Amino acid sequence: MSLVSPAELARSSSGGALRLFSEPGALRHLGRLVDELAPSGEVAIVGDGAQKVVDDGDLDAVVEAAVSGARTPRHVRVPVGAHGVTLDERTVEAVAAGAAGAAIIVTVGSGTVSDLGKVVAADLGVPLISVQTAASVNGYADPLSVVVRNGAKRTVPSRWPDALVIDHDVVARAPLALTRAGVGDAVAIWSAPADWYLACALGMDSSLYDGRFVDPVRDLAPALADAGRDDADRLGVLVDTLTVGGLVIGDAGTTAPLSGVEHLMSHVLDMSALAEGVAHDLHGAQVGVASVLAASLWDIALEEGGLFALEPADLVVPTDVEKRVRQVWHPVDPSGVLGKECWRAVQAKMRRWVSATSQIVSFFSHRRRHVETLRALAGDPAVPLAALRAWNAPTTFAELTPPVSPDRARWALGALPFMRDRLSIADLFVLAGRWDDELFDRVFARAAAVGGGFGI
Ligand SMILES: [Zn+2]
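Residues numbered from 1 in each chain as written. Predicted model: local features only at pLDDT ≥ 70, side-chain atom pairs only at ≥ 80, totals over all residues.

A. A look at the overall build of the protein chain. Looking only at helices and strands, one finds 20 helices and 10 strands in the protein chain. Taking 456 residues into account, the globule formula puts the C-alpha radius of gyration at 23 Å, and the protein chain, at 22 Å, falls close to it. Across its three principal directions, the C-alpha atoms of the protein chain cover 70 × 50 × 45 Å. When burial is assessed residue by residue, the protein chain has 53% of its 456 residues classed as buried. Pairs at least 24 apart in sequence give 80% of the contacts found in the protein chain among residues at least 6 apart. (Helix = DSSP H or I, 4+ residues; strand = E, 2+ residues; numbered from the N terminus. Rg over C-alpha atoms; globule rule 2.2 N^0.38 Å. Buried ≥ 20, exposed ≤ 12 C-beta atoms within 10 Å, placed from the backbone. Contact = placed C-beta atoms within 7 Å.)

In structure tokens form, the structure reads like this:
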């Protein structure tokens, strides 16, 4: 069991760049932090304008009172589209223009606003304080941002906030859907590390697998399924699990330890909804449902006589892979721009596979040891499901808001290996010539057996 506190981990993971204030009443530190980081000059408060309440009234008013002192802060409103805040080039430019000239940026909001603040503060070269208003994703406590480029979601380096303020009293008042989405993001711990381990062991990831970036989250996450705690305790467990998740990702310099098949599935659902101009559910809500599916996929991959009984010569780049990539994205973007962007990434992955032969051969000659490790990291869909259920979070695609139809869910599963250059277990099925409807049927059936899957 990890005995390092999140605040200590924040210091070590960020090399001292990030100070973490995570506790009930943490907002009381805000005024002092602003004065320390920017003793003079204007304070830009960046938010999406959605009203957030705290015991003393409106959160924006509380934040303004905390930071003002003798200074009148400048409010910068993030442009909100029909489907919320989209972190694309236009949004970044608008907020950077709004905050230009300020001595410090204080963001008040959930995941997208926090990610936006990191990008803008990096662009403008000013200090940043992030006030986290919901336990909805793990991305607050890392130096990365998820942005939209050419219609595709990409994770890019941005910067650590100088201070992350997580007032548990504020987070407790967030809409329930956000908190449940946070549980969904957290349960990726029971599938994503296996994808990362696999990529590293096969020589398909430039980093080396290191339990330091996985174990602190694995130690905390089981308590998410523990219903025998009071609400404040439960929320504390969720906040810590997510914060520690962000910190290990930040330390690793890549989201890979906590982002595998389940995240790809959520990104694919976002991209298709964005392209069609329709709404999609929160990142974490989708990740949670997809985590049950990802664990089911791993369960099938790891079964006796399954994928890992094959030989390296059985895993070859399909001759029609470019056609499949372009075809899968065609309904989302008939112009072909997205298909081209994704093909570039997939082509890099396939080229790497061809050049990694010696490590692939070595992996299969030590397969027994690798399979044992992978079984410890993933493969039981009942585990993420139990945690989701303990919080009444969605477990099926039908329970998402809006519901995802079986057709769309099946398409998204089929599309996910054809999106980016990072290898996951799905790619091994592609290389084995087994990424097909027969497999998808089995994956959805396995998820449905524990209470996940389509849900109809
Ligand atoms: Zn996530």
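B. Representation of the sheet that holds strand β10 (residues 163-167). Read across the open sheet, the six strands follow the order β1-β10-β7-β6-β2-β5; overall the sheet is parallel. Unpaired on one side and paired on the other, β1 (19-23) and β5 (74-77) mark the two borders of the sheet. Strand-to-strand twist of the sheet, defined as the mean angle between neighbouring strand axes without regard to direction, takes the value 15°. (Pairing = 2+ DSSP bridges. Axes fitted to C-alpha atoms, helices over the stretch in contact; angles between N-to-C directions.)

C. The nonpolar core, seen in detail. Counting 153 residues, the largest nonpolar core has Val63, Ile105, Val106, Val165, Met265, Leu416 and Ile425 as the members making the most contacts within it. When residues of this core are sorted by domain, at least three fall in each of domain 1 (6-174) and domain 2 (179-207 + 254-450). Ignoring any residue separated from it by four or fewer positions in sequence, one finds valine 63 in contact with Leu30, Ile45, Val106, Val108 and Val131. (Core = buried A, V, L, I, M, F, W, Y, C linked by C-beta atoms within 7 Å. Domains from an automatic or database assignment.)

D. View of unusual backbone geometry. For the peptide bond that leads from threonine 401 to proline 402, omega is -5°, which places it in the cis range. Looking at where proline 402 falls in the secondary structure, it is placed in the loop between α17 (382-390) and α18 (406-415).

E. Region of interest: the environment of glycine 57. Tracing the backbone through its elements, the reader meets glycine 57 in strand β4 (residues 57-58). For glycine 57, a count of 10 C-beta atoms within 10 Å puts it in the exposed group.

F. Seen up close, the environment of glycine 117. In this structure, glycine 117 sits in helix α5 (residues 111-124). Along the primary structure glycine 117 and alanine 96 are separated by 21 residues, whereas in three dimensions their C-alpha atoms are 9.1 Å apart. With sequence-adjacent residues up to four places away left out, glycine 117 is seen in contact with Val46, Ile105, Thr107, Leu128 and Ser130.

G. Here's a closer look at the domain arrangement of the protein chain. Here the protein chain is partitioned into domain 1 (6-174) and domain 2 (179-207 + 254-450). If you average the C-alpha positions of domain 1 and of domain 2, the two centres end up 31 Å apart. Contact residues are listed per partner, giving 14 residues for domain 1 and 21 residues for domain 2. By residue number, the principal contributor to the side of domain 1 that touches domain 2 is strand β9 (residues 152-157), which donates three residues. When the residues that make up the side of domain 1 that touches domain 2 are grouped by side-chain class, the tally is six nonpolar, seven polar and one charged. (Nonpolar A, V, L, I, M, F, W, Y, C, P; charged D, E, K, R; others polar.)

H. Region of the structure containing the pairing of strand β8 (residues 144-149). Both β8 and β9 contribute to a ladder of six bridges, which runs antiparallel. Note that in β9 the partner of serine 145 across the bridge is valine 156. If you look at the hairpin formed by β8 and β9, you'll find two residues sitting between the two strands, and asparagine 150 has a positive phi there, around 50°.

I. View of α17. Considered for burial, the residues of α17 that qualify are Val383, Pro384, Leu385, Ala386, Ala387 and Leu388. For α17, the secondary structure elements touched by its buried residues are α7 (176-186), α12 (283-301) and α20 (437-450). One or two positions beyond α17, positive phi appears at asparagine 392, with a value near 55°.

J. Looking closely at the packing of helix α11 (residues 261-276) against α18. Contact geometry for α11 and α18: axes closest at 9 Å, N-to-C directions at 120°. Taken as axis vectors, α11 and α18 run oblique relative to one another. As for the relative orientation of α11 and α18, their crossing is right-handed in sense. Judged by residue contacts, Met265, Val268 and Leu269 of α11 engage Ala412, Leu413 and Ala415 from α18. When its residues are assigned to classes, the contact of α11 with α18 shows six nonpolar, no polar and no charged. (Parallel < 35°, antiparallel > 145°, perpendicular 65-115°, else oblique. Left-handed = near helix turned anticlockwise from the far one by under 90°.)

K. Focus on the environment of serine 291. Structurally, serine 291 can be placed in helix α12. On the basis of neighbour counts, which here come to 36 C-beta atoms within 10 Å, the residue serine 291 falls in the buried class. Filtering out sequence-adjacent residues up to four positions away, serine 291 remains in contact with Val187, Ala188, Trp190, Ser191, Glu262 and Pro384.

L. Main features of the pairing of β10. Of all five residues that make up β10, five are buried, and the element is covered over most of its length. Relative to β10, β1 is paired through five bridges, and the arrangement is parallel. Residue phenylalanine 21 lies in a different strand from β10, and its bridge partner there is valine 165. Pairing of strand β7 (residues 128-132) with β10 involves four bridges; the strand directions are parallel. The partner of serine 130 across the bridge, within β10, is leucine 164.

M. Main features of the packing of helix α4 (residues 89-99) against α5. Where α4 meets α5, the axes come as close as 10 Å, and the angle between the chain directions of the two elements is 60°. As far as their axial angle goes, α5 and α4 are oblique. α4 and α5 meet at a crossing whose hand is right-handed. Taking contact as the criterion, the partners of Thr91, Val92, Val95, Ala96 and Ala99 in α4 are, on α5, Leu116, Val119, Val120, Asp123 and Leu124. Its residues assigned to classes, the contact of α4 with α5 comprises eight nonpolar, one polar and one charged.

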